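Working through the structure, step by step
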2 protein chains.
Amino acid sequence: MKESLGAKTLAFPTPAWIVGTYDEDGKPNVMTAAWGGICCSKPPCVYVSLRQATYTYGNIVRRKAYTVSIASEANVKETDYFGVVSGRDVDKLSAAGLTPVKSDLVDAPYVKEFPLVLECRLIRMLGVGLHTLFVGEIMDVKVDPSILDEKHVPDIEKLRPIIYSPGKQVYHGVGKYLGQAFSMGKKLAG
Amino acid sequence: MKESLGAKTLAFPTPAWIVGTYDEDGKPNVMTAAWGGICCSKPPCVYVSLRQATYTYGNIVRRKAYTVSIASEANVKETDYFGVVSGRDVDKLSAAGLTPVKSDLVDAPYVKEFPLVLECRLIRMLGVGLHTLFVGEIMDVKVDPSILDEKHVPDIEKLRPIIYSPGKQVYHGVGKYLGQAFSMGKKLAG
């Protein structure tokens, strides 16, 4: 028998992505977002959902661009830090000892030290209650060669991204390999 | 030096969620979706992005409702199966030996055997290229008591949700605890 927990944002897994933008003065800013995901294959698009109160919100609206930098679990402290202070008050990247790199495709910076980066051009905004979805077309994916497998595809076991749990508000790493998609279920198809 | 992989849907982690709907005849259907996430805190909302070609697409449009059932890694084969066949051709839940339960809040079924369920009322649709985002307000979260911690909050280490990797198209489980959010980064804030 299932138990009711009420209307809450309890879904798993969620990411802990770093959204990179420039402010009005051209200062690079980053913030952590767990409300994000892929939302279209063609063209390839992601979204991040942000509150209007965030510094990043205005930055994206003005520049029509953002990046998503995905940290490895080694940088979980920095990832958390980017979610607890505001870019209005601090230069977060400097404070964390990390390096902004200007994207050559969109008007936004990414985090040099993080192994996978999506460069996004804002194509849609959708307000839903407290949050606004910023849908970005992925113009390019840039990676550190060290996270690629022998077929030149990102390997999650090398990337080691951070998984965020709403509710308990904790971070976990990636665990054991479970199987190949679009394959292991075929046995059930008979 | 980062390497360019082109414009692709390579983001990590993504979920492997089971979207539950009723078809025109009231037959329960489920499909697997990796393009999904939380998109608003207030009201609590999720989205799933689906191609118009899916059987689920028409079901959601007609019934204005869907559920998200989150499987444990023990059900990874069933999760994959729900993504490789169409509800037009098969009763997937029967074929997988799983049980549909009618939500008491929205006009959609969920998977009884899966430990966490979101019951969603469709509140927005946003077309983006090949996919449409179905934004659902979470009316309730229902869980098996076995996945709750001592504070009555879902524990990802007990839920053991599946993580999907685009690109390599593989599934992984959840790994080791990395730390407490909104806390471990504060040291960097000085």
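Per chain, residue numbering runs from 1 following the sequence as it is written. The naming scheme follows written order: chains are lettered A onward, ligands numbered 1 onward. Per-residue local features of the predicted model are confined to residues with pLDDT of at least 70, and side-chain atom pairs are confined, for both listing and counting, to 80 or more; whole-chain, interface and lining totals are unaffected and use all residues. Excluding hydrogens and water, the side-chain figures rest on all heavy atoms present in the structure.

A word on the relation of the copies chain B and chain A
Take chain B, turn it by 180°, move it 0.0 Å along the axis, and it overlays chain A with an RMSD of 0.0 Å. Accordingly, the operation relating the two chain copies is best matched by a two-fold axis. When each C-alpha of chain B is compared by its distance to the rotation axis, glycine 175 of chain B comes out closest, at 1.8 Å. Here 100% of the interface residues in chain B have copies in chain A that are interface residues too; the copies meet face to matching face. To line up the copies, we fit them by least squares on C-alpha atoms, keeping just the residues with pLDDT of at least 70 in both. The contact criterion used throughout is that any non-hydrogen atoms of two residues lie within 4.5 Å.

Quick notes on the sheet that holds strand 2 (residues 14-15) of chain B
Across the sheet, 6 strands lie side by side as 2(A)-12(A)-13(A)-13(B)-12(B)-2(B); this open sheet has antiparallel pairing. Single-partner strands in this sheet number two, and they are strand 2 (14-15) of chain A together with strand 2 of chain B. What makes two strands pair is DSSP finding at least two bridges between them. Put simply, DSSP marks the helices as runs of H or I at least four residues long and the strands as runs of E at least two long, and each gets a number from the N terminus on. Of the pairings in the sheet, the one linking strand 13 (residues 170-180) of chain A to strand 13 (residues 170-180) of chain B comprises 7 bridges and is antiparallel in character. Note on strand 13 of chain B: the bridge partner recorded for glutamine 180 of chain A is valine 170 of chain B.

Regarding the packing of aromatic side chains
Stacked, edge-to-face and tilted labels apply to pairs of Phe, Tyr and Trp rings (six-membered ring for Trp) whose centres lie within 6.5 Å, assigned for plane angles under 30 degrees, over 60, and everything in between, in that order. All chains considered together, the criterion is met by 9 aromatic pairs over all chains. Here tyrosine 81 of chain A and phenylalanine 82 of chain A contribute two aromatic rings whose centre-to-centre distance is 5.8 Å and whose plane-to-plane angle is 50°, an arrangement assigned as tilted. The pair tyrosine 81 of chain A / phenylalanine 82 of chain A is uniform in exposure class, with both members buried. A ring pair is formed by tyrosine 164 of chain A and phenylalanine 182 of chain B, whose centres lie 6.4 Å apart and whose planes are at 90°; its orientation type is edge-to-face. In this pair, tyrosine 164 of chain A sits in strand 12 (residues 163-165) while phenylalanine 182 of chain B sits in the segment after strand 13, so the two residues belong to two different chains. An aromatic cluster is present here, built from Tyr164 and Tyr171 of chain A together with Phe182 of chain B joined pairwise through their rings. Working definition: with a 1.4 Å probe on protein chains only, accessible area under 20% of the residue-type maximum means buried, over 50% means exposed, and in between means partly exposed.

As for the interface of chain B and chain A
Listed per partner, the contact involves 102 residues of chain B and 102 residues of chain A. Taken together, the two surfaces of chain B and chain A that pack against each other cover about 8700 Å², and 67% of this comes from carbon and sulfur. The term buried area means the drop in 1.4 Å probe accessible area that two parts suffer when joined, counted for both and summed. Of all residues in chain B, Lys2, Phe12 and Ile38 of chain B give up the largest surface area on contact with chain A, accounting jointly for 10% of the area buried on that side. Salt bridges are counted wherever a side-chain nitrogen of Lys or Arg sits within 4 Å of a carboxyl oxygen of Asp or Glu. The interface formed by chain B and chain A contains 6 salt bridges. Between lysine 168 of chain B and aspartate 149 of chain A there is a salt bridge whose closest N-O contact spans 2.7 Å. Considering each element in turn, the side of chain B that touches chain A owes the most residues, 11 residues, to strand 13 of chain B. In terms of residue class, the side of chain B that touches chain A is made up of 60 nonpolar, 23 polar and 19 charged. Polar here means any residue outside two lists: the nonpolar Ala, Val, Leu, Ile, Met, Phe, Trp, Tyr, Cys and Pro, and the charged Asp, Glu, Lys and Arg; Gly therefore counts as polar.

What about the confidence of the model for chain A?
The pLDDT averaged across chain A works out to 97; a share of 99% of its residues lies at or above 70. This complex was scored by the predictor with a pTM of 0.97 and an ipTM of 0.97. Confidence of the predictor at the level of single residues is given by pLDDT, which spans 0 to 100.

Focus on the pattern of salt bridges
Under the criterion given, the structure shown has 20 salt bridges over all chains. Overlapping salt bridges bring together Asp104, Glu119, Asp140 and Lys142 of chain A as one network.

Points about the pairing of strand 3 (residues 17-22) of chain B
Residue and element names in this part refer to chain B. For strand 3, the tally of buried residues reaches 6 of 6 residues, placing the bulk of the element in the interior. Residues of strand 3 alternate between two faces, with Trp17, Val19 and Thr21 on one and Ile18, Gly20 and Tyr22 on the opposite face, all of them buried. Relative to strand 4 (residues 28-33), strand 3 runs antiparallel, the two being bridged by 6 bridges. Counterpart to tryptophan 17 in the pairing with strand 4 is alanine 33. Counting the residues that bridge the hairpin from strand 3 to strand 4 gives 5 residues, and of these glycine 26 lies at a positive phi of roughly 85°. Inspection of the sheet shows strand 3 paired to strand 7 (residues 65-70) by 3 bridges, in the antiparallel sense. Paired with glycine 20 across the strands is threonine 67, a residue of strand 7.

Considerations on the state of the cysteines
All names here are of chain A. Here, a disulfide means two cysteine sulfur atoms that sit within 2.5 Å of each other. Scanning all chains against the criterion turns up 0 disulfides over all chains. For the unlinked cysteine cysteine 39, the closest cysteine sulfur is that of cysteine 45, found at 5.4 Å. Given a relative accessible area of 0%, cysteine 39 falls into the buried group. Here cysteine 120 stays unpaired: no disulfide links it, and the sulfur of cysteine 45, its closest cysteine neighbor, is 8.4 Å away. For cysteine 120, a relative accessible area of 0% gives the class buried.

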